Amino acid sequence: MKIIIEKNYEKVSCAAAEFLAETVKKNPFAVLGLATGSTPVGAYKRLAEACKRGELSFKNVKTFNLDEYVGLGECDAQSYVTFMRENLFSKVDIDLNNTFLPDGKAKDLDAECKRYSALIGSLTRDVQLLGLGRNGHIGFNEPYTPFDSVTHVVELTADTVQANSRLFDDIAQVPRKAVTMGIAEIMKAKRILLVATGKDKAHAVRAAVKGEITPAVPASVLQNHADVTVILDEEAASELH
Ligand code: F6R
């Protein structure tokens, strides 16, 4: 595991954007696994700026997102598909047909999980970008999700619902379920980039990076992956020493 500690969120965002940009420059047909949430917003902004300056092109890039809320879709402001379009896809030259997320509005969610799992399995991701939950989740794989899990429907924990309520008018509006890529599928990416910032992630960072490898801390599974880069700000790294 390579751990990079930057001063603050801005510097972390630069480093994460640089990592992803290098991947796309090396392989213009790169397949990227992407995440939503607050953490990657700054990195996506920088990728969009690089694209605008003509330094980078997503023309032939394909993307797979980690997760989507059950019941939300492209018409919903808080869905992850809307988040990705607003924060990245509409700002770079990517073909929307090459961007994939689970369909949270699918009538048959089991069939949707199987479809998405097969889709992920059909291409190798060059990089999987991950944020980190305060409880150590990756994607929406909450504590005690088996390490061999594939795409599935998950009941979000109270902590995750609480953390995500900041993006909704009212906590009652936060969906209680999501479709998430499984841990086994996350681990199949060639490289993993885990990004975490802020004091409230410090405990989960320590458990993920230095703790026992256990389903109680889903991110601890990353210690078993051969090529993981972790980019942290000083606050998120504050319990590592
Ligand atoms: C998002 C995702 C989640 C987030 C995590 C951290 O697609 O899969 O695992 O990465 O909850 O969220 P933020 O970045 O909002 O702190």
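Going by the structure above, here's the rest.
Residues numbered from 1 in each chain as written. Predicted model: local features only at pLDDT ≥ 70, side-chain atom pairs only at ≥ 80, totals over all residues. Heavy atoms only, no water.

Visitor: Please provide a residue-by-residue account of the overall build of the chain, values included.
Guide: In terms of helices and strands, the chain carries 7 helices and 10 strands. Against the compact-globule benchmark of 18 Å for 241 residues, the chain has a radius of gyration of 17 Å, which places it among compact chains. Along the first, second and third principal axes, the C-alpha set of the chain runs to 40 × 40 × 35 Å. Here the chain holds 241 residues, and 55% of them are scored as buried. By sequence separation, contacts in the chain at least 24 residues apart represent 79% of the contacts at least 6 residues apart. Within the structure as shown, the chain displays about 10900 Å² of accessible surface, and the carbon and sulfur contribution to it stands at 52%. Charged side chains in the chain number 29 positive and 32 negative. The centres of these two groups are separated by 4 Å. (Helix = DSSP H or I, 4+ residues; strand = E, 2+ residues; numbered from the N terminus. Rg over C-alpha atoms; globule rule 2.2 N^0.38 Å. Buried < 20%, exposed > 50% of the residue type's maximum accessible area, 1.4 Å probe, protein only. Contact = heavy atoms within 4.5 Å. Areas by Shrake-Rupley, 256 points an atom, 1.4 Å probe, with all protein chains shown as cover. Lys, Arg positive; Asp, Glu negative; His and termini not counted. Charge placed at Lys NZ, Arg CZ, Asp CG, Glu CD.)

Visitor: Describe the environment of D110, and please don't skip the residues or the numbers.
Guide: For D110, the position within the fold is in helix α4 (residues 109–121). Classification of D110 as exposed rests on a relative accessible area of 53%. Sequence separation between D110 and D126 is 16 residues; the distance between their C-alpha atoms is 27 Å.

Visitor: Describe in detail helix α1 (residues 9–26), supporting the description with residues and values.
Guide: Along an α-helix, residues three or four apart share an orientation, since each turn contains 3.6 residues. Across its 18 residues, α1 extends 26 Å between first and last C-alpha, which sits within 8% of the 26 Å expected from 1.5 Å per residue. Those residues of α1 lying buried are V12, S13, A15, A16, A17, F19, L20, A21, T23 and V24. (Expected span 1.5 Å × (residues − 1).)

Visitor: Describe in detail the pairing of strand β9 (residues 191–196), supporting the description with residues and values.
Guide: The element β9 is largely enclosed, with a buried count of 5 among its 6 residues. Two strands pair when backbone bridges link them, and strand β6 (residues 127–130) and β9 are joined in this way by 4 bridges, in the parallel orientation. Paired with L129 across the two strands is L193, which belongs to β9. When β9 meets strand β10 (residues 228–233), the two strands line up parallel, connected through 5 bridges. (Pairing = 2+ DSSP bridges.)

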